[in-house]
Amino acid sequence: MEVAQHKLSYYLSRLVDIDLLEREVPVAERSPEKSKSGLYRIKDYFLDFWFKYVYPYRSYIEIGQTDFVIDMVKKTF
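## Details of the environment of Val-16
Part 1: Within the element layout of this structure, Val-16 appears in helix α1 (residues 5–17).
Part 2: According to the relative accessible area criterion, Val-16 is partly exposed, its value standing at 30%.
Part 3: Sequence separation between Val-16 and Arg-41 is 25 residues, and the spatial gap between their C-alpha atoms is 9.6 Å.
Part 4: Not counting residues within four places of it along the chain, the set of residues in contact with Val-16 comprises Leu-21 and Tyr-40.

Here it is in structure tokens:
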């Protein structure tokens, strides 16, 4: 699903409001609320885990190769 660029700020602000995302801006910015150099990061630990470990390795999980996935989690967690 693609979201038009002009609608993206609406969705990002809602995700920040419900504490799923956080916006980080450089310390030297004069007006951080208007900065275009901000980055959004996943704040929720469950979603962070999902997108780092479950989503990329879902095909391995689906075919039952969970040992491989568990090893990947142990190496990088």
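## Observations regarding the pattern of salt bridges
Part 1: Evaluation of the coordinates by the stated rule reveals four salt bridges.
Part 2: As a salt-bridge pair, Arg-14 and Asp-17 come within 3.5 Å of each other at their nearest N and O atoms. Here Arg-14 and its partner Asp-17 are both found in helix α1, three residues apart, which amounts to about one turn of the helix.
Part 3: Arg-14 gets classed as partly exposed once you look at its relative accessible area, which sits at 38%.
Part 4: Linking Asp-19 and Lys-43 is a salt bridge whose minimum nitrogen-to-oxygen distance equals 3.0 Å. Within this pair, whereas Asp-19 is found in the loop between α1 and β1 (21–24), its partner Lys-43 is found in the loop between β2 (39–42) and α2 (45–54), the two being separated by 24 residues in sequence.
Part 5: On the accessibility criterion, Asp-19 (46% relative accessible area) is partly exposed.

Cut-offs applied
- Residues numbered from 1 in each chain as written.
- Predicted model: local features only at pLDDT ≥ 70, side-chain atom pairs only at ≥ 80, totals over all residues.
- Heavy atoms only, no water.
- Helix = DSSP H or I, 4+ residues; strand = E, 2+ residues; numbered from the N terminus.
- Buried < 20%, exposed > 50% of the residue type's maximum accessible area, 1.4 Å probe, protein only.
- Contact = heavy atoms within 4.5 Å.
- Salt bridge = Lys/Arg side-chain N within 4 Å of Asp/Glu carboxyl O.

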